[in-house]
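Chain by chain, the residues:
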Amino acid sequence: MNRRALLGTAAAAGFSGAMPSLVRAQAPGIKVGFLATLSGPAATLGNQLRDGWLLSVKHLDGKLGGVPVETLVIDDELKPDVALTKVRAALERDKVDAVVGVVFSNILQAVFRPVTESQTFLITANAGPSTYAGRGCNPYFFTTAYQNDQPHATMGQVAQDEGYKRIFILVPNYQAGKDAVAGFKSRFKGEVVDEIYVPLNQLDFSTEVAKIAAAKPDAIFTFMPGGLGVNLVRAYRQAGLASIPFLSTFTVDEATLPAQQDAALGFYTAATWAPDFANDQSKRFVKDFEAAYGYVPGNYAAQAYDAALLVDSAVKKTGGRMSDKAAVRAALEKADFTSLRGNFRLGVNHYPVQDFYLCKVVKRPDGKYATETVRKVLTNDTDPHAAECRMR
Amino acid sequence: MSVNLLLVQLLNGAQLGILLFLVAAGLTLVFGVMDFINLAHGVQYMLGAYVAASLGVWANSFWLGLLLALPVSLLIGLVLEWLVFRHLYGRDHLSQVLATFGVILTVDDAVRAIWGSAPLPVPQPEGFTGGVEIMPGLTYPTFRLAIIVVGLLVALLLWLLVDRTKAGMLVRAGASNAPMVSALGVDIGKLFTLVFGFGAMLAGFAGALAGPVFAVTPGMGDAVLILAFVVIVIGGIGSIRGAFIAAVLVGLIDTLGRAMLPDLLRLVMDASSARQTGAALASMLVYIVMAAILFFSPAGLFPVRRG
């Protein structure tokens, strides 16, 4: 059914006395489509994202900028075609005012055009590919996360700061793995003794661990998301290599620590936020999150929490007139809210300009595992693609 | 590459091979004796890991969890056989593939619903948490050595069972000519159920052993299942001896390929393309070897004679 036919049907329905659609169009509330991966092996990340958003809305008494908000939770199943179908329905049938969430870059790529072309705001709380940070930047696209290169570059800076001369790199053999290596190398100037690319369905890391032991590097850098990270961390610890610093991104975090436990203690990761942040707002967030959902919030949840605060600030500024796109956009760009991360603003490409931290895995007194900030590595860091963005 | 490192990699290969053997043994029996393609065999491996991990946490002992996982795996295998597989023996292979694939999807989602999609914490095996320093700076976990020893024992036990007992004789006879065994008055249905339950238990055992080493996640059986099929095709369908030799072969080829190919290729091309090509080639290596073996010996290395 094409758009004209759809409009025709809607008009006919209106004349025949089907009032609900009309009533709904006039309802003053805000409707948000929250898109996240909630099934499959990566669902842990989607759950973090969704729970962070829902807690934020709860803290705001179910309102954004004083206007009641309705969240439609959409599961993309980590399938771009499924995401596209469901998001189209949210745009055309439910008439959402914004699409928020998005764990993975490939899902974002699938829904990006339909959402932005319908002049609906698209705010990601995790995915931040380079595609939309430079030339592809878009007035309707915002992110409260980071550009994907930045955490890897942060680790490169850490290796540089620590004076490591010889680094061993281990990543999965796909695009994100190669991006991780490029990001790391953008700030690390020492020698890379070896780079190993493993298949995404790698079973066992004992072979690679033996090679690391033989190469005797000053530290290793790795990016092994999900189950891969659990395998690697166990094999690394069991082989007695823990004395070689384990620098990683998205390998040891609140999503995988429940399975890694003691094996990950003392391992490093790069992040924009950690549950031990000292500001009162962050403390309240962590306390309420754990009480409500029973697990430790990670980066993902904090970024989604901030996404709700961002929308809240924009609605407040525009007095609830979501239809005035230019005003909403200007208000979003101001990002006039207090982030859980403290220092936070949006750059020209609508990607955050923020600080990046080195974090370490610890066991808290209550027996749960979490990351803890060691030190700030990058201050007011703008992603490397922002300069290419000519925002219309 | 030093001699020490080579030794470590050989051990790694052997250990992967042994684990594959435990999965492949049940698969090859079911395929060989019953002429039944069971894609859901990897599911048994996954369930074994989940059951052992949960019971291990509950009993606060890995070994108790492992022990309890055996009867539970057997039970799950028998229930699945009774519910689904029994009705498929007479059908063609395509129906079997479709139905057992459906079982994979159903059980994977059931596991997600029960245990969640995050990797499961697994208790570390008491008494085997240490390691032996084989190479300077590298400890080889004693638990991995234990897997090799246990796997070899199971292989020996299986050989005795299949080669030296009456039940084993019937299984071998069933693999050669099932209708003839049936005609001689043996309850072939009962034999099938027995073989199936036993195969499921072996896969569950492998999963339980893999728990502390690998990540226990939904769908963890899929990667293992594909390799297990490679193993039984190389070894000859229905042959335990073939499965053992092929499993160790596949384990060694996979491990040594990953360990050495990128370095070998560096002799003929520049470093970065050697890494990429090496990684790609290493992950294809077992399939290339399988194709080569099938070219020269289409029924595998140790084909079972069919009457």
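Residues numbered from 1 in each chain as written. Chains lettered and ligands numbered in written order. Predicted model: local features only at pLDDT ≥ 70, side-chain atom pairs only at ≥ 80, totals over all residues. Heavy atoms only, no water.

**A look at the overall build of chain B**
Link 1 in the chain: Check the secondary structure of chain B and you find 10 helices and two strands.
Link 2 in the chain: Its helices and strands in sequence order give chain B the pattern α-α-α-α-β-β-α-α-α-α-α-α, from N to C terminus.
Link 3 in the chain: The C-alpha radius of gyration of chain B comes to 20 Å, within 12% of the 19 Å expected for a compact globule of 307 residues.
Link 4 in the chain: Expressed along its principal axes, the backbone C-alpha trace of chain B runs to roughly 65 × 50 × 35 Å.
Link 5 in the chain: Split into buried and exposed, the 307 residues of chain B put 50% on the buried side.
Link 6 in the chain: Within chain B, residue pairs in contact and separated by at least 24 positions form 78% of the contacts whose partners lie at least 6 positions apart.
Link 7 in the chain: Carbon and sulfur atoms provide 74% of the accessible area of chain B, an area that totals close to 13,000 Å². (Helix = DSSP H or I, 4+ residues; strand = E, 2+ residues; numbered from the N terminus. Rg over C-alpha atoms; globule rule 2.2 N^0.38 Å. Buried < 20%, exposed > 50% of the residue type's maximum accessible area, 1.4 Å probe, protein only. Contact = heavy atoms within 4.5 Å. Areas by Shrake-Rupley, 256 points an atom, 1.4 Å probe, with all protein chains shown as cover.)

**Considering helix 8 (residues 220-235) of chain B**
Residue and element names in this part refer to chain B.
Link 1 in the chain: Taking 1.5 Å per residue as the helical rise, helix 8 with its 16 residues ought to reach 22 Å, and the 23 Å between its terminal C-alpha atoms agrees with that figure.
Link 2 in the chain: Contacts made by the buried residues of helix 8 are with helix 1 (3-34), helix 2 (41-59), helix 9 (240-265) and helix 10 (271-296).
Link 3 in the chain: Positive phi appears at Gly 236, one or two residues downstream of helix 8, with a value of about 100 degrees. (Expected span 1.5 Å × (residues − 1).)

**Here's the deal with the interface of chain A and chain B**
Link 1 in the chain: The partner chain B presents 40 residues to the 34 residues of chain A that form the contact.
Link 2 in the chain: Summed over both sides, the interface between chain A and chain B buries roughly 3,000 Å², with carbon and sulfur atoms accounting for 52% of that surface.
Link 3 in the chain: It is Leu 203, Arg 234 and Gln 238 of chain A that lose the most area in chain A upon contact with chain B, and together they represent 21% of the buried surface on that side.
Link 4 in the chain: Between chain A and chain B we count six salt bridges in total.
Link 5 in the chain: Its salt-bridge partner being Arg 266 of chain B, residue Asp 194 of chain A comes within 3.3 Å of it at the nearest N-O pair.
Link 6 in the chain: Along the contact surface separating chain A from chain B lie 17 residue pairs in polar contact (both at pLDDT 80 or more).
Link 7 in the chain: Of all the secondary structure elements, the ones that give two or more residues to the side of chain A that touches chain B are helix 3 (43-59), strand 8 (191-198), helix 8 (206-215), helix 9 (227-238) and helix 10 (257-260) of chain A.
Link 8 in the chain: Ranked by the residues each element gives to the side of chain A that touches chain B, the list is headed by helix 8 of chain A, at eight residues.
Link 9 in the chain: Class assignment for the residues of the side of chain A that touches chain B results in 15 nonpolar, 12 polar and seven charged. (Buried area = accessible area lost by both parts, 1.4 Å probe. Salt bridge = Lys/Arg side-chain N within 4 Å of Asp/Glu carboxyl O. Polar contact = N/O pair within 3.5 Å; in protein donor to acceptor, adjacent residues only side chain to side chain. Nonpolar A, V, L, I, M, F, W, Y, C, P; charged D, E, K, R; others polar.)

**What about the packing of helix 3 of chain A against helix 11 (residues 280-293) of chain A?**
Residue and element names in this part refer to chain A.
Link 1 in the chain: Their axes nearest at 11 Å, the elements helix 3 and helix 11 cross at an angle of 110 degrees. One element, helix 3, and the other, helix 11, form an angle in the roughly perpendicular class. In this structure, helix 3 meets helix 11 at a crossing whose hand is right-handed. Across the interface between the two elements, Gln 48, Asp 51, Gly 52, Leu 54, Leu 55, Lys 58 and His 59 of helix 3 pack against Arg 284, Phe 285, Asp 288, Phe 289, Ala 292 and Tyr 293 of helix 11.
Link 2 in the chain: Residues that form the contact of helix 3 with helix 11 fall into these classes: six nonpolar, three polar and four charged. (Axes fitted to C-alpha atoms, helices over the stretch in contact; angles between N-to-C directions. Parallel < 35°, antiparallel > 145°, perpendicular 65-115°, else oblique. Left-handed = near helix turned anticlockwise from the far one by under 90°.)

**Overview of the domain arrangement of chain A**
Residue and element names in this part refer to chain A.
Link 1 in the chain: For chain A, the assigned domains read domain 1 (3-146 + 279-353) and domain 2 (149-271).
Link 2 in the chain: Measuring from the centre of the C-alpha atoms in domain 1 to the corresponding centre in domain 2 gives 32 Å.
Link 3 in the chain: When domain 1 packs against domain 2, the two sides together hide about 690 Å² of surface, and 58% of this comes from carbon and sulfur.
Link 4 in the chain: The interface formed by domain 1 and domain 2 holds zero salt bridges in total.
Link 5 in the chain: The interface formed by domain 1 and domain 2 holds one residue pair in polar contact (both at pLDDT 80 or more) in total. (Domains from an automatic or database assignment.)

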